[in-house]
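Structural overview for review
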Amino acid sequence: MRCCRLSRAAGLPVSWALLWTSLILSELAVPSLLKAADPREPDPQYIPRPKILISEETTYITGPLTESGVPDYVTALNRRLGEGVTPENNAAVLLWRAIGPRPEGDDREFGHKVADALGMDRLPEEGDYFIPPKDFFRAELLRRSPTVSEGDLETQIEELTTAIRTLSSTPWEASEHPLVAAWVEANEKPLELVREAVTRPRYYRPVIDPRTNPERKYRLLDTYYSDLRVLLEIGDCLNVRATQQGVFRDPIGNLEDVLTNFQMARHMARGWSLLETLIALKLEQRTALTTTSLLVPSQLPVNELRDFRRRFENLGPLQTREELAENIGYGERMMAIDCSVAIATREILFQDLDDVGNDRWEELNSSMLWWVFAIGLDWNRSLGVVNSYFNQAETALRDKNFKRRQRRLQDLEDRFDVEATDFTENGFVHERRAEQFGTILVANLFPAIRGTDNAFLRGQTAFRLTLITAALTEYRSANERYPDSLDALSPHVLKKIPNDPFADAPFHYKVSEEGQSMMVYSVSYNGLDEGGLTYGESNIDGVEPDDIRVSDGLLPAGADSESQSTQND
């Protein structure tokens, strides 16, 4: 299934396709039933159609409704996301023009529907669209060496794409990496369009009903995401252009490119799905690494550093904790309930979810097992349980205290384990199977929700460390040295010094005696002050350090001397 492949490519903690597979194979599969299956099994289409109660407690939204009488979640999302948006104020219009009508070779008609929904002219097949790195490198390498083997070609492409990530945090010149420089130059026009796009105040990326494409029949479960991956590649192109030496475009030089990326990430975070949030957070973290690598060695005058710091500070955080909770409590809940209603009403059959590669799937696909399970199931009770757990997860995610929030989320996860165990022991005869079905559904989604909360913390840390680094370099430019403590930055540089979100306490800061070197770092997930050491740099008593740092010459013992900053994802 497309969504399964996409989830894996984007690094999501949970695949929707695998979610439903594991739900059936691990929780519902009872061997005795499989062995007893009659070859004349009933067609699941003849299972009595359940009566779905339309209410906030079950379907979550009460309208608009489809012709079959269930909520139209696609239309509801578009109405909410597109309120007050016009083609003139919508950044997504110009971003779509930069991407082109077929990101990653996707369906052309689907691309037309995106353009129609955005209220813009349909894009021609050919144009000055962004060229993804692998496409550009393949074409250039084949042009230079037409007889190169496919294996050697793939190896060279992989080396070049890896170089992009490395070069985005270190100074480089076109003569050293000519193919990367050529890729950046080939994308000048779409990059300029992106810079114009992010200045627009609104962002509405429409949800296109996947059922308009025969290959996309799973509603919100199988919606369109390939353009988001292209936007992340555009972000990589802007970052690597920012670190290219001798290519300055305005008074503060290549820092303008990173500001474009930070603005684009904030637009993307306004989407409805966890995937949009995760990609925005990934872009935030990558760009933070690029920015600090530019700021630390910078010799820009204090007024230009001050201008950048103010512009960056005025952007504000990528997302507030309330916005993250609302995103999960609304968007992800809508996807979960939309899919649940579709399965309950048999618009989606378990048999259709076949892109799982499991040896037992054909046996299970006989439909007898699903028929026995589904008949008589109180789907409204299941939907009520899904909503209840989403309410609890949303409330937990709003808690700004790191330790208390982690404890509340862990309590939910522990309850899922108990319910799942109870279900496997009691099987189909248990009177609470409807509630347990809803619990197992949310339990399978929960790693994605919790993973997004962790990514949010890292993105929040990246923003705050970048802001502090900007203030430190501004102070250094004005005073010819770094301050003795972060407190010296307030109130003349920063009105308020942000805290480490992992500890709700000040970031750790160290400075050399002469004030020419410094290091500032977060304690990160384990909450321990490890002196700025991070992943792979030490292992004391079996504990791997995970601090997140930015440094200028001052490094902890055992650190990689070439790794000044560890804000990358």
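So, here is what we can say about the structure in this document. (Residues numbered from 1 in each chain as written. Predicted model: local features only at pLDDT ≥ 70, side-chain atom pairs only at ≥ 80, totals over all residues. Heavy atoms only, no water.)

A word on the pattern of salt bridges. The full count for this structure, using the stated rule, is 35 salt bridges. Between Arg205 and Asp227 there is a salt bridge; the shortest N-O distance is 2.9 Å. One end of the pair, Arg205, is in the loop between α10 (188–197) and α11 (226–242); the other, Asp227, is in helix α11, and 22 residues separate them in sequence. Asp227 matches Arg205 in its accessibility class, with the two residues each being buried. In this structure, Asp378 engages Arg381 in a salt bridge whose closest nitrogen and oxygen atoms are separated by 3.9 Å. Judged by relative accessible area, which is 34%, Asp378 ranks as partly exposed. Here the salt bridges do not stand alone but share partners, grouping Glu188, Glu192, Arg195, Arg241 and Asp257 into one network. (Salt bridge = Lys/Arg side-chain N within 4 Å of Asp/Glu carboxyl O. Helix = DSSP H or I, 4+ residues; strand = E, 2+ residues; numbered from the N terminus. Buried < 20%, exposed > 50% of the residue type's maximum accessible area, 1.4 Å probe, protein only.)

All right, on to the layout of surface pockets then. In this model, the largest pocket occupies a volume close to 960 Å³. Lining the largest pocket are 33 residues; nearest its centre among them are Glu104, Pro132, Pro133, Val230 and Glu233. Among the elements of the structure, α1 (2–10), α7 (133–144), α8 (150–167), α11 and α13 (274–295) are those that each provide at least two residues to the lining of the largest pocket. Split into classes, the residues belonging to the lining of the largest pocket amount to 15 nonpolar, five polar and 13 charged. (1 Å grid on protein atoms, 1.4 Å probe; cavity = no way out; pocket = protein on both sides within 12 Å on 5 of 7 lines; lining within 4 Å. Points joined across faces, edges and corners; volume = space filled by probe spheres on them. Nonpolar A, V, L, I, M, F, W, Y, C, P; charged D, E, K, R; others polar.)

Here the focus is the environment of Asp338. Position of Asp338 among the secondary structure elements: in helix α15 (residues 321–344). For Asp338, a relative accessible area of 3% puts it in the buried group. With sequence-adjacent residues up to four places away left out, Asp338 is seen in contact with Tyr73, Arg219 and Leu220. (Contact = heavy atoms within 4.5 Å.)

The sheet built from three strands is open, its strands ordered β3-β4-β5 with antiparallel pairing. The open sheet is flanked by β3 (508–511) and β5 (548–552), the only strands paired with a single partner. Between one strand axis and the next, the sheet turns through 10 degrees on average, direction left out of account. As defined by bridge partners, strand β4 (residues 518–522) adjoins β5 across four bridges and the pair is classed as antiparallel. Bridge pairing in β5 links Ser522 to Ile548. Its contacts with the sheet place helix α20 (residues 433–479) against β3, β4 and β5, and it is angled at close to 160 degrees to β4. (Pairing = 2+ DSSP bridges. Axes fitted to C-alpha atoms, helices over the stretch in contact; angles between N-to-C directions.)

Residues Phe137, Trp183, Leu220, Leu231, Ile234, Met264 and Met268 are the most contacted members of the largest nonpolar core, which totals 107 residues. It is α15 that contributes the most residues to this core, 12 residues altogether. Aside from chain neighbours lying at most four places away, what touches Phe137 is Ile157, Leu160, Thr161, Ile164, Leu179, Val180 and Trp183. Leu259, Leu294, Leu295 and Ala462 belong to the second largest nonpolar core, which has 37 residues in total. (Core = buried A, V, L, I, M, F, W, Y, C linked by side-chain atoms within 4.5 Å.)

With that out of the way, let us pick up unusual backbone geometry. For the bond from Gly63 to Pro64, the omega torsion is 0 degrees, close enough to zero to count as cis. Here Pro64 shows up in the loop between α3 (31–35) and α4 (73–81). Of the consecutive residues Ser490 and Pro491, the connecting peptide bond is found in the cis state with omega at 10 degrees. In this structure, Tyr60 takes a positive phi of about 75 degrees despite not being glycine. For Tyr60, the location among the structural elements is in the loop between α3 and α4. We note that Ser524 has phi near 60 degrees; this positive angle belongs to a residue other than glycine. Mapped onto the secondary structure, Ser524 falls in the loop between β4 and β5. For Ser524, a relative accessible area of 0% puts it in the buried group.

With that out of the way, let us pick up the packing of aromatic side chains. Inspection of the entire model under this criterion finds 13 aromatic pairs. Each member of the aromatic cluster is reached from another via a ring pair, and the members are Phe130, Phe136, Phe137 and Trp183. Arg80 extends its terminal NZ or CZ atom over the ring of Tyr330, reaching a point 3.7 Å from the ring centre. (Phe/Tyr/Trp six-rings, centres within 6.5 Å; stacked < 30°, edge-to-face > 60°. Lys NZ or Arg CZ within 6 Å of the ring centre and 35° of its normal.)

It is worth spelling out the packing of α11 against helix α12 (residues 255–268) at this point. Running from N to C, α11 and α12 point in directions that differ by 160 degrees, and their axes come no closer than 8 Å. One finds that α11 runs roughly antiparallel with respect to α12. In terms of crossing hand, the pair formed by α11 and α12 is left-handed. Contacts between α11 and α12 pair Leu228, Leu231, Ile234, Gly235, Leu238, Asn239, Arg241 and Ala242 from the former with Asp257, Val258, Thr260, Asn261, Met264 and Met268 from the latter. (Parallel < 35°, antiparallel > 145°, perpendicular 65-115°, else oblique. Left-handed = near helix turned anticlockwise from the far one by under 90°.)

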